[in-house]
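As a plain string of letters, each chain reads:
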There are 2 protein chains.
Amino acid sequence: MSTPKTKIAILDDHPLIIEGLKLLFSASSTYEVSASFKSAEELFAYENMNHIDVLLLDVFLTHDNGIDVCLKVKKLHPKLIVLGMSSQSERSIVMQMIKNGASGYLLKSAGLEEFVYCISHALNGSVVFSKEVQKIIDKVQLSDLKSIPRLTRREKEILKLLIEGKSTQQISDELFLSYLTTQTHRRNLLYKFQVKNVAELVSFALKNGLL
Amino acid sequence: MSTPKTKIAILDDHPLIIEGLKLLFSASSTYEVSASFKSAEELFAYENMNHIDVLLLDVFLTHDNGIDVCLKVKKLHPKLIVLGMSSQSERSIVMQMIKNGASGYLLKSAGLEEFVYCISHALNGSVVFSKEVQKIIDKVQLSDLKSIPRLTRREKEILKLLIEGKSTQQISDELFLSYLTTQTHRRNLLYKFQVKNVAELVSFALKNGLL
DNA sequence: CTGAAAGTACCTAAAATCAGGTAATTTGAA
DNA sequence: TTCAAATTACCTGATTTTAGGTACTTTCAG
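Calculation rules
Residues numbered from 1 in each chain as written. Chains lettered and ligands numbered in written order. Predicted model: local features only at pLDDT ≥ 70, side-chain atom pairs only at ≥ 80, totals over all residues. Heavy atoms only, no water. Helix = DSSP H or I, 4+ residues; strand = E, 2+ residues; numbered from the N terminus. Buried < 20%, exposed > 50% of the residue type's maximum accessible area, 1.4 Å probe, protein only. Contact = heavy atoms within 4.5 Å. Near = heavy atom within 4 Å. Polar contact = N/O pair within 3.5 Å; in protein donor to acceptor, adjacent residues only side chain to side chain. Nonpolar A, V, L, I, M, F, W, Y, C, P; charged D, E, K, R; others polar. Buried area = accessible area lost by both parts, 1.4 Å probe. Salt bridge = Lys/Arg side-chain N within 4 Å of Asp/Glu carboxyl O.

## Examining the environment of Val69 of chain A
All names here are of chain A.
- By the secondary structure assignment, Val69 is in helix H3 (residues 66–76).
- Overall, the relative accessible area of 6% leaves Val69 in the buried class.
- Between the C-alpha atom of Val69 and that of Asp58, which follows or precedes it by 11 residues, the distance is 9.8 Å.
- Here Val69 is in contact with Leu11, Ala40, Phe44, Leu57 and Asp64, once residues within four sequence places are set aside.

Structure follows, in structure tokens:
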């Protein structure tokens with residue numbers, strides 16, 4: 001009898017990526033793609049998750065947030081090895097994933113060998129990054145240690161309007177708030193994100209997928 | 001003798017996507033993937049481009065800008081059918097691509113059938129969009145008719161620093177410019193993008209992949 | 001029921017942005 | 001070489017943001 005193959009599951013809303021990964025592992029004698037999901041909902045509905053060894057998790061899903069999914073998955077299945085994936089990457093996102101229990105992070109632009117390499121090393125207990133991600137990690141800028149702050153409902157509303165380029169007055173009118181109240185929320189946002197002005201706030205918010 | 005297959009070329013810096021597409025068409029009797037490139041440079045160095053029927057073009061490339069690549073490709077090979085692809089999409093980008101000669105646009109999250117469907121219709125001379133893209137197109141907001149303005153070298157530099165949240169003074173120091181000069185460039189940027197403030201500028205620039 | 005967090009609102013003043021000009025010099029493509 | 005575009009720089013004034021406070025009310029989970 002042969003050793004059972006390592007079972008891989010994929011959560012990604014891009015069918016092409018799923019197919020590409022399936023193809024990649026179809027020839028492998030040690031790995032197999034046992035399940036694939038296009039939404040977090042599908043994943044959590046899956047019964048046999050405890051037979052899965054590795055989860056490749058797209059971080060920028062249309063409906064769900066990969067960082068939250070990672071935490072939830074690790075809570076339910078602590079032994080499962082989770083690897084984050086995305087097209088672009090921001091240091092803070094990678095860090096957030098690791099913090100939430102991911103064993104590594106790879107860019108989708110990684111070469112095929114890198115996928116195999118990272119998965120095998122993650123299975124051995126290492127925390128692994130694809131080359132490009134490693135580059136980003138290495139840029140240890142103290143300023144980049146920013147994590148994504150927890151925002152209140154109001155703050156999210158105001159952030160959204162700031163991203164649209166609305167002025168304090170416009171926001172106040174739109175949300176039926178005093179000009180001074182909006183000013184306070186605005187200030188709190190700058191403080192929470194530890195940024196100097198709204199431009200940087202918008203930049204950080206968009207790069208971190210806080211649409 | 002059989003009809004020759006439709007030849008497809010792919011420009012995408014994600015090996016997985018390329019493999020996925022190759023796989024998708026490997027079983028087809030009417031289509032074949034004849035070439036794939038990971039950068040615009042590779043593509044323009046390719047000799048047999050005039051034998052290609054369709055180019056699937058990733059719009060957000062690490063090094064190049066898909067919109068510019070599209071224009072250049074269509075200039076060199078007017079008969080070539082170009083289809084834009086990306087993970088997320090903004091209306092203005094889709095429009096820009098069409099303006100630059102693309103015959104359609106698809107999200108990478110499109111189903112595999114959609115790829116085949118869009119390619120075949122594009123070959124028949126139609127302009128096609130995947131479902132999700134069509135939804136975006138349908139949102140005809142006058143404000144979205146903005147096209148991406150052409151920026152000068154200096155303006156790009158300054159835009160980049162604005163995105164980082166730098167103040168006029170910081171930018172001036174960094175680029176060895178007078179405060180007043182930076183102010184002028186800044187004003188020109190706001191004017192060119194037709195936005196009210198830097199927050200909206202940053203938002204527009206990031207959403208449109210002007211990193 | 002109670003306390004912490006969230007939401008609301010106000011005051012002041014410095015700093016920066018935004019918006020309207022004009023104009024000289026440099027650069028690069030035709 | 002020549003001319004348009006780009007880059008640089010300055011002036012002024014209104015508007016807005018940023019930064020530092022304080023403080024009352026509402027909401028909601030424990």
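Let's pick the thread back up.
## Focus on the protein's contact with DNA strand D
- By nearness alone, 20 residues border DNA strand D, and Thr168 and Asn197 of chain A together with Thr152, Arg154 and Ser178 of chain B come closest of all.
- Contact distances for DNA strand D include 3.0 Å between a phosphate oxygen and a side-chain N or O atom of Arg186 of chain A.
- Measuring from a phosphate oxygen of DNA strand D, one finds a side-chain N or O atom of His185 of chain B at 3.2 Å.
- Of all elements in the fold, only helix H9 (179–193) of chain A together with helix H7 (153–163) and helix H9 (179–193) of chain B reach the threshold of two or more residues within the surface near DNA strand D.
- A per-element tally of the surface near DNA strand D places H9 of chain A first, with five residues.
- Counted by class, the surface near DNA strand D contains five nonpolar, nine polar and six charged residues.

## Topic: the interface of chain B and chain A
- Counting residues at the interface gives 32 residues for chain B, matched by 32 residues for chain A.
- The contact between chain B and chain A buries some 2,600 Å² in all, and 71% of this surface belongs to carbon and sulfur atoms.
- In terms of surface lost to chain A, no three residues of chain B exceed His14, Leu16 and Leu23 of chain B, which account for 23% of the buried area on that side.
- Counting every contact that joins chain B to chain A gives zero salt bridges.
- Counting every contact that joins chain B to chain A gives four residue pairs in polar contact (both at pLDDT 80 or more).
- Elements with a contribution of two residues or more to the side of chain B that touches chain A: helix H1 (15–26), helix H5 (112–123), H7 and helix H10 (198–207) of chain B.
- The residue makeup of the side of chain B that touches chain A, split by class, is 15 nonpolar, nine polar and eight charged.

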